[in-house]
Amino acid sequence: MNQLLIYPEEIFDSKKVKLVDPDRLDHLKKVLKLKTGARIRVCIVDVGVGTATILDLQESECVLEIEKINSGLSPWCTLYVGLCRPPTLQKIFEHGTCMGIRSFHIVQAHLSEKSYWDSRLFRQKGFEKYFKLGLAQSNSYYRIPSLHRHYHLKNLSFEEDGQKKLLLDPGGCQLISDQDFPARENVTLCIGPERGWTEAEVLTLDSQGFQPVKVSSSLLRVEHALFHALAQLELIRLQEVNK
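Description of the structure in this document. (Residues numbered from 1 in each chain as written. Predicted model: local features only at pLDDT ≥ 70, side-chain atom pairs only at ≥ 80, totals over all residues. Heavy atoms only, no water.)

### Comments concerning the packing of aromatic side chains
Thought 1: Applying the stated rule across the entire model yields six aromatic pairs.
Thought 2: Here Phe93 and Phe104 contribute two aromatic rings whose centre-to-centre distance is 5.2 Å and whose plane-to-plane angle is 85°, an arrangement assigned as edge-to-face. Of the two residues, Phe93 sits in helix α2 (residues 86-98) while Phe104 sits in strand β8 (residues 101-107), which places them eleven residues apart along the sequence.
Thought 3: For Phe93, a relative accessible area of 0% corresponds to the buried category.
Thought 4: Accessibility expressed as a relative area gives 0% for Phe104, which makes it buried.
Thought 5: Consider the rings of Trp117 and Tyr151, whose centres lie 4.9 Å apart with planes at 55°: the pair is tilted. With Trp117 in the loop between β8 and α3 (120-123) and Tyr151 in the loop between β9 (146-150) and β10 (164-168), the pair connects residues that are 34 residues apart, well separated along the chain.
Thought 6: Overall, the relative accessible area of 9% leaves Trp117 in the buried class. (Phe/Tyr/Trp six-rings, centres within 6.5 Å; stacked < 30°, edge-to-face > 60°. Helix = DSSP H or I, 4+ residues; strand = E, 2+ residues; numbered from the N terminus. Buried < 20%, exposed > 50% of the residue type's maximum accessible area, 1.4 Å probe, protein only.)

### What about the nonpolar core?
It is characteristic of soluble globular proteins that their nonpolar side chains tend to be buried jointly.
Thought 1: Ranked by internal contacts, the top residues of the largest apolar core, which has 45 residues, are Leu79, Val81, Leu89, Phe93, Ile106 and Leu189.
Thought 2: Of all the secondary structure elements, the ones that give two or more residues to this core are β7 (77-82), α2, β8, α3, α4 (127-137), β10, β12 (187-191) and α6 (222-241).
Thought 3: Looking at this core, the element that brings in the most residues is α6, giving eight residues.
Thought 4: When neighbours within four sequence positions are excluded, Leu89 is seen to be in contact with Val81, Leu83, Cys84, Ile106, Leu121 and Phe122. (Core = buried A, V, L, I, M, F, W, Y, C linked by side-chain atoms within 4.5 Å. Contact = heavy atoms within 4.5 Å.)

### Quick word on the pairing of β7
Thought 1: Counting buried positions along β7 yields six of six residues, so the element is predominantly enclosed.
Thought 2: Of the two faces of β7, both are covered, the one formed by Cys77, Leu79 and Val81 as well as the one formed by Thr78, Tyr80 and Gly82.
Thought 3: Alignment of β7 against β8, held across six bridges, turns out to be parallel. Looking at the pairing, Leu79 lines up with Phe104 of β8.
Thought 4: Each parallel crossover has a hand, and the one from β7 via α2 to β8 is right-handed.
Thought 5: Two elements, β7 and β12, share five bridges in a ladder whose sense is parallel. What sits directly across from Thr78, in β12, is Thr188. (Pairing = 2+ DSSP bridges. Right-handed = clockwise from strand over helix to strand, strands pointing away.)

### Considerations on the sheet that holds strand β11 (residues 174-175)
Thought 1: The strand order β9-β8-β7-β12-β10-β13-β11 describes an open sheet built from seven strands, whose pairing is parallel. If you trace the sheet from one side to the other, it starts and ends with β9 and β11, each paired once.

### Regarding the packing of α2 against α4
Thought 1: One way to put it is that α2 packs onto α4 with a least axis distance of 7 Å and a crossing angle of 35°. Relative to α4, α2 is oriented so that their crossing is right-handed. Each of Gln90, Phe93, Glu94, Thr97 and Cys98 in α2 lies in contact with α4, whose residues at this interface are Phe127, Tyr130, Phe131, Leu133, Gly134, Leu135 and Gln137.
Thought 2: Its residues placed into classes, the contact of α2 with α4 shows seven nonpolar, four polar and one charged. (Axes fitted to C-alpha atoms, helices over the stretch in contact; angles between N-to-C directions. Left-handed = near helix turned anticlockwise from the far one by under 90°. Nonpolar A, V, L, I, M, F, W, Y, C, P; charged D, E, K, R; others polar.)

See the structure below:
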């Protein structure tokens, strides 16, 4: 955990925080081994990031005082991913949140296993746990992403998503590193499930303006291809900012 998540409803007297959640308390005491007086990086969910000082740390509660809150980085990527195995989606939700995904769109592809919708990941909002883990791991982002389910690719409209639309395709002719776009521009990424998209689905995405690109000459797992793509895109964005 690189930043302690704090929810606006846990704040009182404008700058103080009362934390009673056992999981976060346990992490402060047993993993980080913090004591009264220690300073810690915090994320006020959907508000910003900053630092806080521990005023009192007891067995069942912790009181902190917020020192400074800045606006963190805004998430910049919209992701469309074919419905995958739940363990794969868990990794995508956690690490995708950490790397700047603002919304996850899970699409039932023709080659997806429909029974995956019955996973606790969806039925019991299990995905929220992985969003929070990813946000706590991040050192910059502060917004909880949104989740959307789609049962047919052909019914989707991508008009409100990022102007740059990239389809991760191992058969693509261009590399992500060949791309050039403004540093502040949001990106829409699309990647298929483990068995990929059908030819008809690829044609549908092509008609919506998606450009096929690849991240490696090897066939990668869905989550690995995604993380490669996010890292490369973030590097491009940083290079554009520093020009």
